[in-house]
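Analysis of the macromolecular model
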Amino acid sequence: MAVTYVNARIFTGDRFLEDHAVLTDEGRIIGILPVSEIPANTQRIDLSGLTLAPSLIDLQIYGGNNKLFPYDLDTASLKATYEYCRGGGAAYFMPTVPTSSWEVMLKAIQAVKQYWDEGGAGVLGLHLEGPFMNPEKRGAHLLQYITAPTQYDIDRLLEHGRGIIKMMTLAPECCDPTLVKQLQDAGILVSAGHSNATYQQAYTAFENGIPAATHLFNAMSALQSRAPGMVGAIYDHSRVCASVVADGIHVDFASIRISKKIMGERLYLITDAVAECLEGDYIYIRENDRYVNAQGTLAGSCLTMIQAVKNCVQQVGIPLDEALRMASTYPAALAGKGDELGRIAAGYRDSMVAFDEYFEVHYSLPSQLTNP
């Protein structure tokens, strides 16, 4: 039976609508229509005045609900992370693995494949953050696993991970452009990050087709008066998108505000969230509102996507509609899903989030509720 969501302030991805309803059927949105035109033979779900928006999308997250995916490389970890994401308004995510051994990367690939084979929801693909990065900008990543890619490395990744690896963060100055193109030709979204590239190196890499950069400001060459660095190249290149961790710790809120003025629609949100893990290659220790590694280096956030949206609205001063686009419409487009995710419109997936004025998520839709 078709389902109609009523009594909500609807954000379509373009604008807010009052006195309208969202009609869905068989996993897709049929349309948005005035309340007076709702068909009689549909199930009505009353959302009690909540804001209804497209489900949020997190393209970089390491774990959630006490499961760290790079340590617990199994479907249970992915399920736990999915539930964490849904609790924060994100129905789709890319589980992420840091610079690691081949054994870990191959196990991560297999875990995602198994999760999909078992019908697991929400995972858009695997994000490998490394190992092809600049050791000078490794942040909390482990030096012993950092390497420059060879043809063998790329062939091996694609042999095992084609169609599963969907995003890869690498330092362009450390990688042969022909190998980068091979990754892109295989459908992998390449994002520049953990890089000490000069402005010219970064800008050239963007001109050569790299469309994105990973966590703006963090682990990349800074904008300076005589060395604009990767940050300067990101600002200056009109087509390059960049993610940002909007927790006020990874990046000052004023820096996000400045960047938003410069970049406009090219800036999008991620959580870069982790879960506590006290053993294995990567140690993540909770310190109040952040995670650090065993050496005390900032290593991950405690964010959810809805909290990142809230911070952008309340701390940065970004209007709600634009903050929601930064968390849904823009990452959907970058991930190649802009024709089915990131908007409430006819033909799109019926994946939506309903939240209140305090940015508390009440429903991640569709769900098992029959009536709120």
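As a reminder, the structure under discussion sits directly above these lines.
Notes on the structure follow. Every chain begins its residue count from 1, and numbering advances along the sequence as written. A pLDDT threshold of at least 70 governs which residues receive local features in this predicted model, and a stricter bar of 80 or more applies before side-chain atom pairs are shown or counted, although totals over entire chains, interfaces and linings include all residues. In computing side-chain values, all of the structure's heavy atoms are included and hydrogens and water are not.

**Digging into the nonpolar core**
Our working rule: In this text, buried Ala, Val, Leu, Ile, Met, Phe, Trp, Tyr and Cys residues form a nonpolar core when linked through side-chain atoms within 4.5 Å. Per-residue accessibility, obtained with a 1.4 Å probe over protein chains only, is compared with the maximum for each type, and a residue is labelled buried under 20%, exposed over 50%, and partly exposed between these values. Starting at the N terminus, helices and strands are each numbered in turn, a helix being any DSSP run of H or I of at least four residues and a strand any DSSP run of E of at least two. When checking whether two residues touch, look at their non-hydrogen atoms; a contact exists if any pair is within 4.5 Å.
Of all hydrophobic cores here, the largest spans 96 residues; its most connected members are Leu56, Leu59, Phe69, Leu126, Ile234, Leu269 and Val309. The element contributing the most residues to this core is helix α2 (residues 102–117), with seven residues. When neighbours within four sequence positions are excluded, Leu269 is seen to be in contact with Ile57, Val244, Ala246, Met305, Ala308, Val309, Cys312, Ala323, Met326 and Ala327. Counting 17 residues, the second largest nonpolar core, distinct from the first, contains Leu17, Val22, Ile45 and Leu365.

**Side note on helix α7 (residues 253–263)**
As a reminder, the rule being used: The arc under discussion is defined with respect to the helix axis, by the directions toward the C-beta atoms. Polar contacts here mean pairs of N or O atoms no more than 3.5 Å apart (in protein, one a potential hydrogen donor and the other a potential acceptor; neighbouring residues in sequence count only if both atoms are side-chain atoms).
Buried within α7 are the following residues: Phe253, Ile256, Ser259, Lys260 and Met263. An end-on view of α7 places all buried positions within 115° of arc, on one side of the element. Those residues of α7 that are buried lie in contact with α6 (229–236), β16 (241–245), β17 (267–270), α8 (305–316), α9 (320–327) and α10 (329–334). With a side-chain oxygen positioned 2.8 Å from the backbone nitrogen of Ala254, the residue opening α7 is Asp252. Two residues or fewer past α7, Gly264 is found with a positive phi of approximately 60°.

**A short note on the packing of aromatic side chains**
Put simply, the rule reads: Between the rings of Phe, Tyr and Trp (Trp by its six-membered ring), a pair exists once the centres lie within 6.5 Å; its type follows the angle of the planes, with under 30 degrees stacked, over 60 edge-to-face, and the other angles tilted.
If you walk through the whole model with that rule in mind, you get five aromatic pairs. Here Phe11 and Phe16 contribute two aromatic rings whose centre-to-centre distance is 4.9 Å and whose plane-to-plane angle is 45°, an arrangement assigned as tilted. We classify Phe16 as partly exposed; its relative accessible area is 24%. Geometrically, the ring pair formed by Phe355 and Phe359 is stacked, given 5.8 Å between the ring centres and 15° between the ring planes. For the pair formed by Phe355 and Phe359, the shared burial category is buried.

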